[in-house]
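Listed here are the chains, written in short residue letters.
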Amino acid sequence: MALKIYNTLSRSVEPFKSITPGKVGMYVCGVTVYDDCHIGHGRTFIAFDVARRWLQESGYDVKFVRNVTDVDDKIIKRAAERKILPSELAETYTKRMQEDLGELGCLPPSVEPRATQYIPKMLALIEKLEEKGYAYQDKNGDVDFSVRKFKPYGALSGKKVDELQPGERVRVEEAKQDPLDFALWKRAKPGEPEWDSKWGKGRPGWHIECSAMSCDLLGETFDIHGGGPDLMFPHHENEIAQSEAANGKKFVNTWMHSGPLRVNGEKMSKSLGNFWTIRDALKETNTQYGDKNGNETLRFFLLRSHYRSPIDFSSALVEDAHQALIRLYTALKNTPADDNPLDWNEKYAAQFKEAMDDDFNTAQAVAVLFELAKEVNQTKSPELARQLKKLGGVLGILQLAPEAFVKGAVDSVDEAAVEALIAERKAAKAAKNWARADEIRKELLEKNIVLECSRRCDDLAQSLISMAEQTEKPEWWDQAKKELSEADPVMAQIIRANPEGFLATRGNPFETLLRSVIGQQTVSYTHLRA
């Protein structure tokens, strides 16, 4: 199946065909560098990092452009509050943004232009718009774009000009000819950064920078433009208007937008106390799971959902992602991969490719990884382990040392004491002292240690033993026991610990029990979040 991408502009999934065979021009709106990036930025940039990686894996030479907005009202205000120059503030947070996205495993952009480097090209574009009758200087000295003169306005967002209300993400300004018009060039104010222009000293509006940068670096029509859901209107809508009005041609072939991120079901907001920067999230996950393990856990959490779907950020869901990653790394720990290249003709690789070609469907691709991990556990095949590791690498995961990831942040734990408790718990289970076994499990949990077989295995083991006490062993049990042990390592562990236990019935209950433990781990313990 050839690659298909959902195009926000057409509201449909379309076959992807690049303008130049074998090459892709891709522009993703960056951040305004007045503060640290938040976890929503992380979701967006990981989504487009994965898309870029898949395009490259598919054989395309990708020119990936991500801009930096280093002059803006927010930067000027924050710099004034800190009594530093706007350029100093912007430089500080540009470096921190680059560090944060690097920690999340995002590849650096091919080009990272800054707004302040593109002032001459912005001015040239504004002059072109003025010559064509789309731009005018208003009563305050700003230069504005005349929205109503661009007839297709609203095609991307689905908004109709006559239904737009002044103030709906549109700044109301009496000096404009129309409240819906937006600023291309802002007249200089005392103490602000300024540049010379034919309209007097000033600085660029927000929207014009992306048109100037993208058209200069990728051409007046290019392949893919992406960004977060909040940028669709008015930013991307305004980019289309000013670019197509100036150049008289289609601006972008495929528009991509990531889905929204909420925190514990609510919009992320400092006023609600649920605002997470990438740095805060990385600090917490690395403390809980081990250095660099937390980075990958956060990346995996953010990419395992389809990039267009809404995502909820919570500590419990991040923990779930960590446990899921442990399952994958456990397969690699128990079966080292060989060094051969990735075989795209292999069954699981073909399924993975089909998922990624379907609008970068990481949710389905990750499901393929878990199916593959299950088979690695069963077969102990180095070839399949290699497939698992390299397919994970396509998504930017599963490249750490498996043993270290599974062990996690347990270096500060008294392992001898933990092993003693595990041995005592095993003895209690053998003696059918389930109360004491459960007490030890809870004691370990209080130390942030969980037995990965945990309560679920206890329940299954008790079920086996109680059946043995109540029923004569059926003639098929020895063969079934062999099948269960080969099919899943947890069942093998349970059966070894309870050799006299058996299932009283085969058929649906047998299959249900087998399915219920598929994917569980047999590692002794891992470190949980506090």
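So, here is what we can say about the structure in this document.

## Quick notes on helix H2 (residues 73-82)
And step 1. Considered for burial, the residues of H2 that qualify are Ile75, Ile76, Arg78 and Ala79.
And step 2. In the core, the buried residues of H2 are packed alongside helix H3 (86-103) and strand S8 (202-204).
And step 3. The first or second residue beyond H2 is Lys83, which carries a positive phi of 60°.

## A word on the sheet that holds strand S9 (residues 222-227)
Across a sheet, strands are paired by hydrogen bonds formed along the backbone, either parallel or antiparallel in direction.
And step 1. A sheet is described by the order of its strands in space; here 4 strands give the open sequence S4-S3-S9-S10, paired in parallel fashion. Here the strands that pair on one side only, and so sit at the sheet edges, are strand S4 (61-66) and strand S10 (252-257). Adjacent strand axes in the sheet meet at a mean angle of 20°, parallel and antiparallel pairs treated alike.
And step 2. Across the sheet, helix H1 (residues 39-57) touches strand S3 (23-28), S4, S9 and S10, and the angle it forms with S3 is around 175°.
And step 3. Sitting on the sheet, helix H5 (residues 206-218) is in contact with S3, S4 and S9, with an inclination near 165° to S3.

## Some remarks on the packing of helix H8 (residues 293-303) against helix H9 (residues 315-334)
And step 1. Across the interface, H8 lies against H9 with an axial gap of 9 Å and an inter-helix angle of 105°. One element, H8, and the other, H9, form an angle in the roughly perpendicular class. Residues Glu296, Thr297, Phe300 and Phe301 of H8 touch H9, and the partners they reach there are Leu317, Val318, Ala321, His322, Ala324, Leu325 and Tyr329.
And step 2. In terms of residue class, the contact of H8 with H9 is built from 8 nonpolar, 2 polar and 1 charged.

## What to know about the side chain of Glu346
And step 1. With respect to the helices and strands, the residue Glu346 is situated in the loop between H9 and helix H10 (347-357).
And step 2. With no salt bridge to any partner, buried Glu346 finds its closest opposite charge in Lys347, at an N-O distance of 6.4 Å.
And step 3. A polar side-chain atom of Glu346 sits 2.9 Å from the main-chain amide nitrogen of Tyr348.
And step 4. Setting aside its immediate chain neighbours within four residues, Glu346 contacts Leu384 and Gln387.

## Quick notes on the environment of Gln56
And step 1. In this fold, Gln56 is placed in helix H1.
And step 2. Taking the C-alpha atoms as reference points, Gln56 and Gly22, 34 residues apart in sequence, are found 9.7 Å from one another.
And step 3. Setting aside its immediate chain neighbours within four residues, Gln56 contacts Val62 and Leu107.

## Examining the environment of Cys215
And step 1. Following the sequence through the fold, Cys215 ends up in helix H5.
And step 2. A residue is classified by how much of its surface remains accessible, and Cys215, at 15% relative accessible area, is buried.
And step 3. With residues up to four places along the chain from it excluded, the contact list for Cys215 reads Glu220, Asn247 and Phe251.

## Focus: the packing of helix H4 (residues 119-131) against H5
And step 1. With their axes 9 Å apart at the nearest point, H4 and H5 run at an angle of 105° to one another. With respect to their mutual orientation, H4 and H5 come out roughly perpendicular. Of the residues in H5, those touching H4 at Lys121, Met122, Leu125 and Ile126 are Ile208, Glu209, Ser211, Ala212 and Asp216.
And step 2. The residue makeup of the contact of H4 with H5, split by class, is 5 nonpolar, 1 polar and 3 charged.

## Re the pairing of strand S7 (residues 182-187)
And step 1. Buried residues dominate S7, accounting for 5 of its 6 residues.
And step 2. Note that strand S6 (residues 143-145) and S7 share 3 bridges and pair antiparallel. The residue bridging Val143 from the neighbouring strand is Trp185, located in S7.
And step 3. The pairing of S7 with S8 spans 3 bridges and is classified as antiparallel. Bridge assignment links Trp185 to a residue of S8, and that residue is Pro204.

## Some words on the sheet that holds S7
And step 1. Pairing is antiparallel across the open sheet formed by 4 strands, whose spatial order is S5-S6-S7-S8. Every other strand in the sheet has two partners, leaving strand S5 (135-137) and S8 as the edge strands with one partner each. Averaged over all adjacent pairs, the angle separating strand axes in this sheet is 20°, with direction ignored.

## Thoughts on the pattern of salt bridges
And step 1. Scanning all chains against the criterion turns up 28 salt bridges.
And step 2. Across the pair Asp73 and Arg203 runs a salt bridge, and its minimum N-O distance is 2.2 Å. Here Arg203 lies in strand S8 and Asp73 lies in helix H2, a separation of 130 residues in the sequence.
And step 3. Residue class for Arg203 comes out buried when judged on its relative accessible area of 4%.
And step 4. Close ionic contact of Arg436 with Glu439 constitutes a salt bridge, the shortest N to O distance being 3.2 Å.

## Let's talk about the state of the cysteines
And step 1. With the rule as written, the count across this model stands at 0 disulfides.
And step 2. Unpaired in this structure, Cys210 has its nearest cysteine sulfur neighbour in Cys29, at a distance of 3.9 Å.

## Things to note about unusual backbone geometry
And step 1. The linkage connecting Phe233 with the following residue, Pro234, adopts the cis geometry, with an omega of 5°.
And step 2. Topologically, Pro234 is positioned in helix H6 (residues 232-247).
And step 3. Phi at Asn264 is positive, roughly 50°, even though this residue is not glycine.
And step 4. Along the chain, the position of Asn264 falls in the loop between strand S11 (261-263) and strand S12 (266-267).

## Digging into the side chain of Asn67
And step 1. Among the structural elements, Asn67 can be located in the loop between S4 and H2.
And step 2. Of the residues examined, Asn67 reaches a relative accessible area of 2% and is grouped as buried.
And step 3. Separated by 3.4 Å, the side chains of Asn67 and Tyr27 make a polar contact.
And step 4. A distance of 2.9 Å separates the side chain of Asn67 from the side chain of Glu209, its partner in a polar contact.

Rules used in this analysis
- Residues take numbers from 1 onward in each chain, read along the sequence in its written order.
- This being a predicted model, a pLDDT of at least 70 is required before a residue's local features are given, and a value of 80 or more before pairs of side-chain atoms are given or counted; all residues contribute to the totals for chains, interfaces and linings.
- For the side-chain quantities, the full set of heavy atoms in the structure was used; hydrogens and water were omitted.
- Only protein chains enter the accessibility calculation, which uses a 1.4 Å probe; a residue whose area is less than 20% of its type maximum is buried, one above 50% is exposed, and one in between is partly exposed.
- Strands are runs of DSSP state E lasting at least 2 residues, helices are runs of H or I lasting at least 4, and numbering of each runs from the N terminus.
- Should any heavy atoms of two residues lie within 4.5 Å, those residues are considered in contact.
- Paired strands, in this sense, are two strands between which DSSP finds at least two bridges.
- Simply put, an axis is a line fit to the C-alpha atoms, just over the touching stretch for a helix, and the angle between two N-to-C directions goes from 0 to 180 degrees.
- Our angle categories are set so that under 35 degrees counts as roughly parallel, over 145 as roughly antiparallel, 65 to 115 as roughly perpendicular, and the remainder as oblique.
- Under the scheme applied, nonpolar residues are Ala, Val, Leu, Ile, Met, Phe, Trp, Tyr, Cys and Pro; charged residues are Asp, Glu, Lys and Arg; polar residues are all the others, including Gly.
- The sign given to each residue is positive for Lys and Arg and negative for Asp and Glu; His and the chain ends receive no count.
- Think of a salt bridge as a Lys or Arg side-chain nitrogen and an Asp or Glu carboxyl oxygen that are within 4 Å of each other.
- Nitrogen and oxygen atoms within 3.5 Å of one another constitute a polar contact, given that in protein one can donate a hydrogen and the other can accept it, and given that sequence-neighbouring residues count only through two side-chain atoms.
- For this text, the term disulfide refers to a pair of cysteine sulfurs within 2.5 Å.

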